[in-house]
Amino acid sequence: MAGFRELGLAPWLVAQAEQLGLSRPTPVQAACIPPTLQGRDCMGCAKTGSGKTAAFVLPILQKLSEDPYGIFCLVLTPTRELAYQIAEQFRVLGKPLGLKDCIIVGGMDMVAQALDLSRKPHVVIATPGRLADHLRSSNTFSLKKIKFLVLDEADRLLEQGCTDFTKDLEVILAAVPAARQTLLFSATLTDTLNELKGLAMNKPFFWESQSEVRTVEQLDQRYLLVPERVKDAYLVHLIQTFQDQHEDWSIIIFTNTCKNCQILNMMMKRFNFPSVALHSMLKQKQRFAALAKFKSSVFKILIATDVASRGLDIPTVQVVINHNTPGLPKIYIHRVGRTARAGRHGIAITLVTQYDIHLVHAIEEQIKMKLQEFSMEERDVLGILTQVNVVRRECEIKLEATDFDEKKEINKRKQMILEGKDPDLEEKRKTELARIKKKNNEFRARVQQTLQEKQELQMRRKLRKRVRRQQKAAGKES
Ligand SMILES: Nc1ncnc2c1ncn2[C@@H]1O[C@H](COP(=O)(O)OP(=O)(O)OP(=O)(O)O)[C@@H](O)[C@H]1O
């Protein structure tokens, strides 16, 4: 495969990449850097940990070096932590340029951000919500001259998940010029392909890695069939086993809700495991601190919601445990992709209860391979079952005393206010909508019932007619 130089990158950039350990391009870089340098829009779909970030950072830096001005490039990404990680790559690779970057994410001081934006940084890396807030509320900066728009984890930015970015994207897209280069990257682009093509309008170059299996080869993927009520005991035993056998391994445990994440973290601490939690109900400072402690291996266990499932690049992660089976195969792909990155090995274990078997089938169908069973000595687990369940109950009670649920409600209201919505009005609207929906459903049911009754009546009439005809015919014969 060609080196970075042959792809068209300038010697200073090749040298800089090499200094950071990027000596040969990965396939997604080899495929996407040349068309990007030629000025084409580009969509790159490659497996997790395959170097998609440098695939867009390198050509953008080269173009910036040829015509440096601010604001030259806008990168959108779904999470705050990911924005910092991408900015770091721009910073280290663009050091010889004296690159000025600016990170615009929620949970941080808006005034300081507005000032940063007005200083015309070369690259802005943002989460859509906060950038849209700035666009709505200030005119101290303009995105009208950007050359590059990048959507990292592009499919997530377009889908309407628990955080819906579509409204904010509309605001942002209205603020950027139509004549721009658009670069879209993700490990899972395919099911949003058509919407994405609407964003990259200039006959985009599309590249997808050619492998049948959608997860990386070096990843050992297992499932562990566990009854729901002993799930936590299995988890504790699993972690204990990994800690005993591989002291230096880092582990990420994914779970489905902020509350579960918090409880599991409290439980881990009770069992003396060095764990930190990362979820969206923590303050941004706490989120950064947790991630920093985990990245520097001060704490070897990270318990996270899906806020950490995409993009995070932490080379020391050897194990991913799914405490809940992900409801969508795509979420599974990103979660397990936090290990076995850049050619390293890793293991992913998914806890599967009796209610989740169909989810595993859907995952296997998508990733085009079967998960293997992870065997475990049940006797060891049963030995700690009561203790683990008691600890969970105690942690739940402790958490309830901190008004965690109430805080969640307050956060939701705060978010609405930030979005310019009135929470009470929204609540009323929601109730009204539910009432209308209920009424519509009742109406539909009534129509259905009337139709059915009519059909039955017609049938009965027809039947009666037929019987009468038959009786008549029988009378004639006799
Ligand atoms: N050419 C290269 N040679 C060696 N290592 C590389 C190369 N390019 C990138 N890497 C390293 O590979 C790791 C993963 O890269 P990156 O985070 O860009 O992956 P990704 O494809 O964006 O993954 P995800 O889909 O999970 O976001 C990083 O640590 C990065 O430094």
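Small disclaimer: the values here were computed from a predicted structure and weren't measured. (Residues numbered from 1 in each chain as written. Predicted model: local features only at pLDDT ≥ 70, side-chain atom pairs only at ≥ 80, totals over all residues. Heavy atoms only, no water.)

**Re the pattern of salt bridges**
Here's step 1: Evaluated as defined, the whole model comprises 23 salt bridges.
Here's step 2: One salt bridge connects R460 with E456, and the closest N-O pair in it is separated by 4.0 Å. Placement of both R460 and E456 in helix α17 (residues 423–477) is noted, with a separation of four residues, approximately one turn of the helix.
Here's step 3: Overall, R460 belongs to the partly exposed group, its relative accessible area being 45%. (Salt bridge = Lys/Arg side-chain N within 4 Å of Asp/Glu carboxyl O. Helix = DSSP H or I, 4+ residues; strand = E, 2+ residues; numbered from the N terminus. Buried < 20%, exposed > 50% of the residue type's maximum accessible area, 1.4 Å probe, protein only.)

**Concerning the site of the ligand**
Here's step 1: In the vicinity of the ligand, 20 residues are found, and the nearest of them are R24, K52, T53, D313 and R341.
Here's step 2: Between the ligand and S50, the relevant distance is 3.1 Å, taken from an oxygen atom to a main-chain nitrogen or oxygen of the residue.
Here's step 3: Between the ligand and G51 there is a distance of 3.2 Å, counted from an oxygen atom to a backbone nitrogen or oxygen.
Here's step 4: Here the ligand has 650 Å² of accessible area as a free molecule, and 87% of this is covered by the chains.
Here's step 5: Across the shell around the ligand, the residue classes tally to four nonpolar, nine polar and seven charged.
Here's step 6: Summarising the domain contributions, the shell around the ligand has at least three residues from each of domain 1 (5–208) and domain 2 (219–414). (Near = heavy atom within 4 Å. Polar contact = N/O pair within 3.5 Å; in protein donor to acceptor, adjacent residues only side chain to side chain. Areas by Shrake-Rupley, 256 points an atom, 1.4 Å probe, with all protein chains shown as cover. Nonpolar A, V, L, I, M, F, W, Y, C, P; charged D, E, K, R; others polar. Domains from an automatic or database assignment.)

**Remarks on unusual backbone geometry**
Trans peptide bonds make up most of the peptide bonds, and negative phi angles are found at most residues other than glycine.
Here's step 1: Residue G70 is joined to I71 through a cis peptide bond whose omega torsion reads 5°.
Here's step 2: When you line up the elements, I71 lands in the loop between α3 (52–66) and β2 (73–76).
Here's step 3: Despite not being glycine, A340 shows a phi value in the positive range, around 55°.
Here's step 4: Looking at where A340 falls in the secondary structure, it is placed in the loop between α13 (329–336) and β13 (346–352).
Here's step 5: Its identity is not glycine, yet A342 carries a phi of approximately 50°, on the positive side.
Here's step 6: Along the polypeptide, A342 turns up in the loop between α13 and β13.

**Details of a positive patch on the surface**
Here's step 1: A surface patch of positive charge is lined by R461, K462, R464, K465, R466, R468, R469, K472 and K476.
Here's step 2: By relative accessible area, K462 is classed as exposed at 57%. (Patch = residues over 30% accessible without salt bridge, like charges linked within 9 Å, V, L, I, M, F, W, Y side chains within 5 Å. Lys, Arg positive; Asp, Glu negative; His and termini not counted. Charge placed at Lys NZ, Arg CZ, Asp CG, Glu CD.)

**Some words on the sheet that holds β13**
Here's step 1: Across the sheet, seven strands lie side by side as β10-β11-β9-β12-β13-β8-β14; this open sheet has parallel pairing. Only two strands of the sheet have a single neighbouring strand rather than two, namely β10 (275–278) and β14 (372–373).
Here's step 2: In this structure, strand β8 (residues 219–225) lies alongside β14, joined through two bridges in parallel fashion. Note on β14: the bridge partner recorded for Y223 is E373.
Here's step 3: Docked against the sheet, α13 engages β8, β9 (250–254), β12 (317–322) and β13, running at close to 150° with respect to β12. (Pairing = 2+ DSSP bridges. Contact = heavy atoms within 4.5 Å. Axes fitted to C-alpha atoms, helices over the stretch in contact; angles between N-to-C directions.)

**Section: the nonpolar core**
Here's step 1: Counting 68 residues, the largest nonpolar core has F56, L58, I60, C73, V75 and F90 as its most contacted members.
Here's step 2: For this core, the element with the highest residue contribution is α3, accounting for eight residues.
Here's step 3: Each of domain 1 (5–208) and domain 2 (219–414) accounts for three or more of the residues forming this core.
Here's step 4: Among residues more than four places away in sequence, those in contact with C73 are I60, F90, H122, V123, V124, I146, F148 and V150.
Here's step 5: Ranked by size, the runner-up nonpolar core spans 40 residues in total, among them A233, I239, V381 and C395. (Core = buried A, V, L, I, M, F, W, Y, C linked by side-chain atoms within 4.5 Å.)

**Focus on the packing of aromatic side chains**
Here's step 1: The tally for this structure, following the rule as stated, stands at six aromatic pairs.
Here's step 2: Ring geometry for F72 against F148: centres 5.8 Å apart, planes inclined by 50°, an arrangement best described as tilted. Taken together, the positions of F72 in the loop between α3 and β2 and F148 in strand β5 (residues 148–152) put the pair 76 residues apart, joining distant regions of the chain. There is no split in this pair, since F72 and F148 are both buried.
Here's step 3: Here the aromatic residues F56, F90 and F185 are joined through ring pairs into a cluster of three or more. (Phe/Tyr/Trp six-rings, centres within 6.5 Å; stacked < 30°, edge-to-face > 60°.)

**Observations regarding the packing of helix α2 (residues 27–37) against α3**
Here's step 1: In the contact formed by α2 and α3, the axes pass within 9 Å of each other and the chain directions differ by 30°. As judged from the angle between their axes, α2 and α3 are roughly parallel. Crossing of α2 over α3 shows right-handed handedness. Together, V28, Q29, I33, T36 and L37 of α2 and K52, A54, A55, L58, P59, Q62 and K63 of α3 make up the contact between the two elements.
Here's step 2: A per-class count over the contact of α2 with α3 returns seven nonpolar, three polar and two charged. (Parallel < 35°, antiparallel > 145°, perpendicular 65-115°, else oblique. Left-handed = near helix turned anticlockwise from the far one by under 90°.)

**Thoughts on helix α5 (residues 110–118)**
Here's step 1: For α5, the N-terminal cap is D109; the gap from its side-chain oxygen to the backbone nitrogen of V111 is 3.4 Å.
Here's step 2: Of the residues one or two after α5, K120 is the one with positive phi, at around 55°.

**With respect to the UniProt feature "domain: Helicase C-terminal" (unreviewed entry) in the protein chain**
Here's step 1: Per the UniProt annotation, the sites labelled "domain: Helicase C-terminal" (unreviewed entry) are residues 218–382.
Here's step 2: Note that residues 218–382 is 39% helix and 21% strand, and that its end C-alpha atoms are spaced 32 Å apart. (UniProt positions renumbered as here; feature names shortened; annotations may be inferred.)

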